[in-house]
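What follows is the residue order along each chain.
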Amino acid sequence: MIFGMMKIINFAHGEFMMLGGYTTIVCVKAGANIYLAMLVIAPLIVGMIGLLLERLVIRHLYGRLVDTMLATWGISMILIGIVTMIFGNTTESISTPIKGWAIGDYQVNGYNFFIILVAIGLVCSGYFLLKFTRLGLIVRGAMQDPNVAASLGYNPDRIYMTTFFMGAALSGLAGGILAPLVGLVPSWGTAYIAKAFITVVVGGPAIIVGLVSSATLFGSVNQIFAFIFNPVFGEVALLLCAVILLRILPKGITNSIFKGKL
């Protein structure tokens, strides 16, 4: 949402994920229900942090792409430093709430199916919100032409603020859901920035359809090559696929294939 709709390259987005993961771990260790922690508390906390940063820093930099990149890079380093001072440079983790089961000689991770269901639910909810609700119409209109939206009585600044809050909250939700699967360190979020950015750019101008098409393609390529060879080959294959697609379709998949889609 932050890059695809607002055209802001947020280098601190991975740190929003990291904060969501740490929020979940802290809440669970304090006795909170794990589903409440990762599905409600983590996105709310990270969304509020994102809202604060948008009001203090980001809103002064709209339309200044390079300045936004530098500012969010600085925010990224500050957040990593703060979390390192609080938790140290050690690995934090919690156990998955859903156990796996065996199918023949293979072990299936039940929590992975939960993540798939949450991802499908988020995509469908996002599509419905942006396509069929008045709020979605206002947001899309303000992103396309803020002057027209302002002439109709809508405040673009408030719309940008709301969109940034929602993008940060979704990132916190992602970090909270991934927390039981990985060991968290303060620099954990940086591993996801490049993949997220490539996915959005290759997806093209269509926010939902572009995300689904590029994410499905890259995820399939990564996992197929990782299964046949090893995870390193999977990462290399993903990168090569992205380079080839950007060379063939420089404006993204949806600009050439799914024109006019959301």
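Quick notes on the rules
Residues numbered from 1 in each chain as written. Predicted model: local features only at pLDDT ≥ 70, side-chain atom pairs only at ≥ 80, totals over all residues. Heavy atoms only, no water. Phe/Tyr/Trp six-rings, centres within 6.5 Å; stacked < 30°, edge-to-face > 60°. Helix = DSSP H or I, 4+ residues; strand = E, 2+ residues; numbered from the N terminus. Domains from an automatic or database assignment. Contact = heavy atoms within 4.5 Å. Buried area = accessible area lost by both parts, 1.4 Å probe. Salt bridge = Lys/Arg side-chain N within 4 Å of Asp/Glu carboxyl O. Polar contact = N/O pair within 3.5 Å; in protein donor to acceptor, adjacent residues only side chain to side chain. Nonpolar A, V, L, I, M, F, W, Y, C, P; charged D, E, K, R; others polar. Expected span 1.5 Å × (residues − 1). Buried < 20%, exposed > 50% of the residue type's maximum accessible area, 1.4 Å probe, protein only. Arc of directions from axis to C-beta. Axes fitted to C-alpha atoms, helices over the stretch in contact; angles between N-to-C directions. Parallel < 35°, antiparallel > 145°, perpendicular 65-115°, else oblique. Left-handed = near helix turned anticlockwise from the far one by under 90°. Core = buried A, V, L, I, M, F, W, Y, C linked by side-chain atoms within 4.5 Å.

Two measures describe an aromatic ring pair: the distance that separates the ring centres and the angle between the ring planes. Enumeration according to the criterion identifies 10 aromatic pairs in this entry. Between the aromatic rings of Tyr 35 and Phe 114, the centroid separation amounts to 5.7 Å while the plane-to-plane angle is 75 degrees, which identifies the pairing as edge-to-face. Here Tyr 35 is found in helix 2 (residues 34–56), whereas its partner Phe 114 is found in helix 4 (residues 110–132), with 79 residues between them in sequence. Aromatic rings pair up to connect Tyr 35, Tyr 111 and Phe 114 into one cluster.

Where interface size is quoted, it is often the accessible area lost as the parts come together. Each assigned domain of the chain is listed with its residue range as follows: domain 1 (2–203) and domain 2 (204–262). One C-alpha centre belongs to domain 1, the other to domain 2, and the line joining them spans 20 Å. The partner domain 2 presents 19 residues to the 14 residues of domain 1 that form the contact. For the pair domain 1 and domain 2, the two sides together bury roughly 1400 Å², of which 78% comes from carbon and sulfur. Of all residues in domain 1, Thr 199, Val 202 and Gly 203 bury the most surface against domain 2, accounting for 38% of the area lost on that side. On the surface where domain 1 and domain 2 come into contact, there are 1 salt bridge. Notably, a salt bridge pairs Lys 195 with Glu 235, separated by 2.9 Å at the nearest N-O pair. The interface formed by domain 1 and domain 2 includes 7 residue pairs in polar contact (both at pLDDT 80 or more). Elements supplying a minimum of two residues to the side of domain 1 that touches domain 2: helix 4 and helix 8 (190–203). Among the elements that line the side of domain 1 that touches domain 2, the one with the most residues is helix 8, at 7 residues. Taken together, the residues of the side of domain 1 that touches domain 2 break down into 8 nonpolar, 3 polar and 3 charged.

In a regular helix each residue adds 1.5 Å, so 14 residues correspond to 20 Å; helix 8 covers 21 Å between its end C-alpha atoms and thus fits that length. Along helix 8, the positions that sit buried rather than exposed are Ile 198, Thr 199, Val 202 and Gly 203. For helix 8, the angular spread of the buried residues around the axis is 130 degrees, confining them to a single face. Just downstream of helix 8 lies Gly 204, where phi reads positive at about 95 degrees.

This part is about the environment of Ala 191. By the secondary structure assignment, Ala 191 is in helix 8. For the pair formed by Ala 191 and Phe 128, sequence separation is 63 residues and the distance between their alpha carbons is 30 Å.

Attention now moves to the packing of helix 2 against helix 7 (residues 156–178). Contact geometry of helix 2 with helix 7 gives a least axis separation of 7 Å together with a crossing angle of 140 degrees. Considered as vectors, helix 2 and helix 7 are oriented oblique to each other. Relative to helix 7, the crossing made by helix 2 is right-handed. Contacts between helix 2 and helix 7 involve Met 38, Leu 39, Ala 42, Pro 43, Val 46, Gly 47, Met 48, Gly 50, Leu 51, Glu 54 and Arg 55 from the first element and Asp 157, Tyr 160, Met 161, Phe 164, Phe 165, Ala 168, Ala 169, Gly 172, Leu 173, Gly 176 and Ile 177 from the second. Grouping the constituent residues of the contact of helix 2 with helix 7 by class yields 15 nonpolar, 4 polar and 3 charged.

Relative to the helices and strands, Ser 213 resides in helix 9 (residues 207–228). Separated by 2.9 Å, the side chain of Ser 213 and the backbone oxygen of Val 209 make a polar contact. There is a polar contact of 3.0 Å between the side chain of Ser 213 and the backbone oxygen of Gly 210.

A word on the nonpolar core. If you look at the biggest cluster of nonpolar residues, it comprises 37 residues, and the most contacted ones within it are Phe 16 and Leu 19. Here this core takes 7 residues from helix 7, the largest share from any one element. Among the nonpolar cores identified, the runner-up in size contains 11 residues, and Val 202, Phe 218, Ala 242 and Leu 245 belong to it.

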